[in-house]
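# Commentary on secondary and tertiary structure
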Amino acid sequence: MKRRKSSLLLKTAWKNIFWIGLMHLLAIAFAIQTFTWGAFICFFILYVTTAMIGICVGFHRFFAHKSFTCASWFEKFLAFCGTLACQGSPLYWVAAHRLHHAFSDTHDDPHNSNQGFFHSHFMWLMRQQRDLGDPNEYQHYIPDMRNKRFYKFLGQNMVNIQILLAFLLYGIGSLFGHGWSFVVWGICVRLVAVYHVTWAINSLSHMWGNQPLMSHDNSRNNFILALLTFGEGWHNNHHAKPRSARMGLKWWQIDISWMFICLCRKLKIIKSVYMPGASH
Ligand SMILES: [Zn+2]
Ligand SMILES: [Zn+2]
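Definitions and cut-offs
- Residues numbered from 1 in each chain as written.
- Chains lettered and ligands numbered in written order.
- Predicted model: local features only at pLDDT ≥ 70, side-chain atom pairs only at ≥ 80, totals over all residues.
- Helix = DSSP H or I, 4+ residues; strand = E, 2+ residues; numbered from the N terminus.
- Expected span 1.5 Å × (residues − 1).
- Bend = angle between axes of the 7 residues up to and from the residue.
- Buried ≥ 20, exposed ≤ 12 C-beta atoms within 10 Å, placed from the backbone.
- Core = buried A, V, L, I, M, F, W, Y, C linked by C-beta atoms within 7 Å.
- Contact = placed C-beta atoms within 7 Å.
- Axes fitted to C-alpha atoms, helices over the stretch in contact; angles between N-to-C directions.
- Parallel < 35°, antiparallel > 145°, perpendicular 65-115°, else oblique.
- Left-handed = near helix turned anticlockwise from the far one by under 90°.
- Nonpolar A, V, L, I, M, F, W, Y, C, P; charged D, E, K, R; others polar.

Note that Ile41 resides in helix 2 (residues 37–64). C-alpha of Ile41 to C-alpha of Phe182: the two residues are 141 residues apart in sequence and 9.2 Å apart in space.

Right under this line is the structure:
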């Protein structure tokens, strides 16, 4: 895994700036006037599907850390839900996250929290980093994933899939007389919420909270962030025991993603689950 010697900033990532900026502009401009309870339910369902199932359980605990094994159809489902969060291809996301763990809070960390809140929250996405801008380069960090054509397909069609989802939401919303409300809340408001919650793990979870475990970086445990992020806010636990499928290690450390993993295990969709010190 080790490689990367301060991958300096190359050029401005205009595509990221355009897309993230557009979602924020549309959400701010239209969220209030398009609010309906139906649109809010649509937002909530997609928020849970993309943030928890897609990012927390899928991209993070399954793909990046191999915290559990599961049926092949479920693996594809996790990759699809994660892609709906519009944070890049599964391959790119996993490569960036593995770099974060390998070089946490150093110059080689893609979102080094020592460079300040704004850098680790989102500014790091506004510049292409040498080995994260080029799939041929970041393949080095994902030897277990690089040949999966389905993940490549998802990455290449991420925006197209989002546009198809927008049409679908418009159709469903129109049945209730609120087509545009469903699009604004199901796509723009939801993406902005998922972005900031995910980004908060890179920024606030390395600044705000306590550090009960030794992790050699700035990672923190934070109860409020853990609730907002489906358990990912037990971030000091996570950095200390990165492969653990469970991040809330104490009974009172609520970890909703872990509850979801337990449910899937009961349903026999998820098979062996990795826990610190034991394999179940
Ligand atoms: Zn971290
Ligand atoms: Zn991680």
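Now, onward.
Turning to helix 10 (residues 179–202), a few remarks are in order. Here helix 10 is 24 residues long and its end C-alpha atoms lie 34 Å apart, about the 34 Å a rise of 1.5 Å per residue gives. Its axis deflected by about 30 degrees at Arg190, helix 10 carries its strongest bend there. Counting buried positions along helix 10 yields 18 of 24 residues, so the element is predominantly enclosed.

Within the largest apolar cluster, 63 residues are counted, with the highest numbers of intra-cluster contacts made by Ala51, Val94 and Ala95. A per-element tally of this core places helix 2 first, with 15 residues. The contact partners of Ala51, leaving out residues within four places of it in the chain, are Cys56, Ala85, Val194, Val197 and Phe230.

Here we come to the packing of helix 9 (residues 158–175) against helix 10. Their axes nearest at 7 Å, the elements helix 9 and helix 10 cross at an angle of 140 degrees. In this view, helix 9 runs oblique relative to helix 10, as classed from their interaxial angle. Helix-helix and strand crossings are classified by hand; for helix 9 and helix 10 the assignment is right-handed. Contacts between helix 9 and helix 10 pair Gln162, Leu165, Ala166, Leu169, Tyr170, Ile172, Gly173 and Ser174 from the former with Gly179, Ser181, Phe182, Val183, Gly186 and Ile187 from the latter. Each residue belonging to the contact of helix 9 with helix 10 can be placed in one class, and the counts come to eight nonpolar, six polar and no charged.

Limitation: the analysis is restricted to geometry and does not speak to function.
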